[in-house]
Amino acid sequence: MIEIDDKIVSQDLLRECFCCDLSACKGICCVEGNAGAPLEEDEAAILEREYPHYRPYMTGEGVEAVSEQGFAVLDEDGDLTTPLIHDAECAFSYKENGCTLCAIERAWREGKTTFKKPISCHLYPIRLVNFSNGTIGLNYHRWDVCDGARKCGRKLGIPVYKSLKEPIIRRFGAGFYEALEAAEQYIKQH
């Protein structure tokens with residue numbers, strides 16, 4: 001682990017390789033798991049406010065799930081997450097060409113919303129842990145459905161954090177990303 005400001009970062013983010021390979025996984029991370037995607041406190045309100053912009057891309061079942069459950073639910077650990085369709089895929093997902101994709105991100109790509117998607121989805125496979133003292137932990141979540149992403153990352157030589165440059169900067173700023181680059185160089189030299 002390395003400490004950067006008020007963040008504790010797993011060195012796996014700098015040492016392990018990862019590059020999403022949608023052709024291999026087909027977006028299964030939006031379907032599998034034991035809960036919806038983790039949400040930050042302000043994201044439930046954003047999801048509700050932006051709903052008219054991404055709703056047209058959602059499935060009927062997804063719209064129904066949001067109508068019944070709301071824009072966010074508490075999981076069994078008491079954490080705020082996205083609602084699910086039949087305890088499986090995210091309510092905000094849709095299918096296209098055999099892949100599960102994000103309706104929110106599609107609306108963003110088409111310029112209909114300024115909200116790309118929940119930061120936990122954008123940062124995956126990085127998972128954030130909020131400690132009681134205000135420190136944030138950044139951990140690398142290994143999941144077998146991402147085997148293709150690990151293989152692709154190794155083939156291309158892309159460390160986890162580099163494949164997630166955009167969401168890291170979105171959540172923590174460019175200075176933090178630059179500190180990760182410096183930490184990677186330090187580790188390589190020692």
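Whatever comes next refers back to the structure up there.
Only a predicted model underlies this, so the values are computations on that prediction, with no experimental measurement involved.

**Description of helix 9 (residues 165–172)**
Each turn of an α-helix holds 3.6 residues, which means side chains three or four residues apart point in the same direction. Those residues of helix 9 not exposed but buried are Pro167, Ile168 and Phe172. Along the long axis of helix 9, the arc covered by the buried residues comes to 105°, so they all point the same way. In this fold, the buried residues of helix 9 make contact with strand 2 (7–9), helix 6 (119–123), strand 7 (126–130), strand 8 (136–140), helix 8 (160–163) and helix 10 (174–189). At the exit of helix 9 stands Gly173, carrying a positive phi of roughly 95°.

**Concerning the side chain of Ser120**
Assignment of secondary structure puts Ser120 in helix 6. Those residues in contact with Ser120 that sit more than four places away from it in its chain are Ala37, Pro38 and Arg127.

**Things to note about unusual backbone geometry**
With omega at 20°, the peptide bond leading from Tyr124 into Pro125 counts as cis. Looking at where Pro125 falls in the secondary structure, it is placed in the loop between helix 6 and strand 7. Of note in this structure, Asp87 is not a glycine but carries a positive phi near 55°. Topologically, Asp87 is positioned in the loop between strand 4 (80–81) and strand 5 (93–96). If you check the backbone angles, Asn97 has positive phi at about 50° while not being a glycine. Looking at Asn97, the relative accessible area reads 74%, which means it is exposed.

Scoring rules and cut-offs
- Residues numbered from 1 in each chain as written.
- Predicted model: local features only at pLDDT ≥ 70, side-chain atom pairs only at ≥ 80, totals over all residues.
- Heavy atoms only, no water.
- Buried < 20%, exposed > 50% of the residue type's maximum accessible area, 1.4 Å probe, protein only.
- Helix = DSSP H or I, 4+ residues; strand = E, 2+ residues; numbered from the N terminus.
- Arc of directions from axis to C-beta.
- Contact = heavy atoms within 4.5 Å.

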